[in-house]
Amino acid sequence: MINCSQKMRKMRQIIKKILLFLQIDWIDTIRLNIFSLPFKQGRKFPILLFKAKLRIARGSFVRLDIAPRQCSFGMIKLGCRYSKNVLASRGIQIDLASTGGLIFRGSGIIGHGSNIVCRKNGAVSIGRNFRISGNFSLCSHTSICIGENLSCSWGVSIYDTDFHETKDAVTGIPIEMTKQVSIGNNCWLCQKCTLLKGSSISDWTTVGALALVNRSFSDLPSYSVLAGIPAKPVLKKIRRTDQAVIANLHDWNLTSGLRLLNPLPAVEAD
């Protein structure tokens, strides 16, 4: 019985890999890896796109900022079906038309129904081991910097711009339209929260479901929780144990090849 169950488990894993392979948008995957990345990286096809809509205008770029030995096939998966809570039919839209670009600093996943858009001077940097469930929306006109080990639920939005020029109706003074967004290491963004221009959160911060962050909280202590509209710190502090495990594995790639998630090694959090 044990041998039979093991064989069935292996068979299911093989079937999942085949199905995942068939879902890859190979045209845009080849375009991105071969024509955007250096050849030594691109030939390994480290970035896989699923149901993609890809546009990289002249002057913008996608970059994988890692050591050559860390580059491996499928270490970044964008637009794949990752969470059952996301019902979107599309995969991912990447639309880069800015003087900046999109930089990945390690492996990770962005689920389906997501989009990353850069305009004007927009630049986006995402740290290693990011996990984004899906229905994710990010738009940069200046700078969005995301740290390592981000855990992001579905329906999260991050914008560093108001999109429209405005001014104070009384004084007539123009209101700054864009301002950098910064997200620390090991942060947890819960479902349908929103981070607007000027948002800044420190390491190990949790942003609660439906919260609206619209200012800097970079001086908060570790394990702080932000909740509400607009978001404010709450008294309770929480720490996700699985985040702590991932943070301790400095050389571990979250994803590899055609597997969505490697099982967490048996390492105790400090």
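Residues numbered from 1 in each chain as written. Predicted model: local features only at pLDDT ≥ 70, side-chain atom pairs only at ≥ 80, totals over all residues. Heavy atoms only, no water.

## A word on the pattern of salt bridges
Here is step 1 of the chain: According to the stated counting rule, one finds seven salt bridges in the structure shown.
Here is step 2 of the chain: As a salt-bridge pair, Arg 240 and Asp 242 come within 2.7 Å of each other at their nearest N and O atoms.
Here is step 3 of the chain: Here Arg 240 falls in the buried class, since its relative accessible area comes to 18%.
Here is step 4 of the chain: The exposure class assigned to Asp 242 is partly exposed, which follows from its relative accessible area of 26%.
Here is step 5 of the chain: Connected via shared salt-bridge partners are Arg 55, Asp 95 and Arg 119. (Salt bridge = Lys/Arg side-chain N within 4 Å of Asp/Glu carboxyl O. Buried < 20%, exposed > 50% of the residue type's maximum accessible area, 1.4 Å probe, protein only.)

## So, empty space enclosed by the protein
Here is step 1 of the chain: Scanning all chains against the criterion turns up one cavity of 30 Å³ or more.
Here is step 2 of the chain: The calculated volume of the largest cavity comes to roughly 70 Å³.
Here is step 3 of the chain: In terms of lining, the largest cavity is formed by Asn 186, Trp 188, Trp 204, Thr 205, Thr 206, Tyr 223, Ile 238, Arg 239, Arg 240 and Gln 243.
Here is step 4 of the chain: Looking at side-chain class alone, the lining of the largest cavity contains four nonpolar, four polar and two charged residues. (1 Å grid on protein atoms, 1.4 Å probe; cavity = no way out; pocket = protein on both sides within 12 Å on 5 of 7 lines; lining within 4 Å. Points joined across faces, edges and corners; volume = space filled by probe spheres on them. Nonpolar A, V, L, I, M, F, W, Y, C, P; charged D, E, K, R; others polar.)

## A few points about a positive patch on the surface
Here is step 1 of the chain: On the surface, Arg 9, Arg 12, Lys 16 and Lys 84 cluster together into a positively charged patch.
Here is step 2 of the chain: Along the chain, the position of Lys 84 falls in the loop between β4 (76–80) and β5 (92–98). (Patch = residues over 30% accessible without salt bridge, like charges linked within 9 Å, V, L, I, M, F, W, Y side chains within 5 Å. Areas by Shrake-Rupley, 256 points an atom, 1.4 Å probe, with all protein chains shown as cover. Lys, Arg positive; Asp, Glu negative; His and termini not counted. Charge placed at Lys NZ, Arg CZ, Asp CG, Glu CD. Helix = DSSP H or I, 4+ residues; strand = E, 2+ residues; numbered from the N terminus.)

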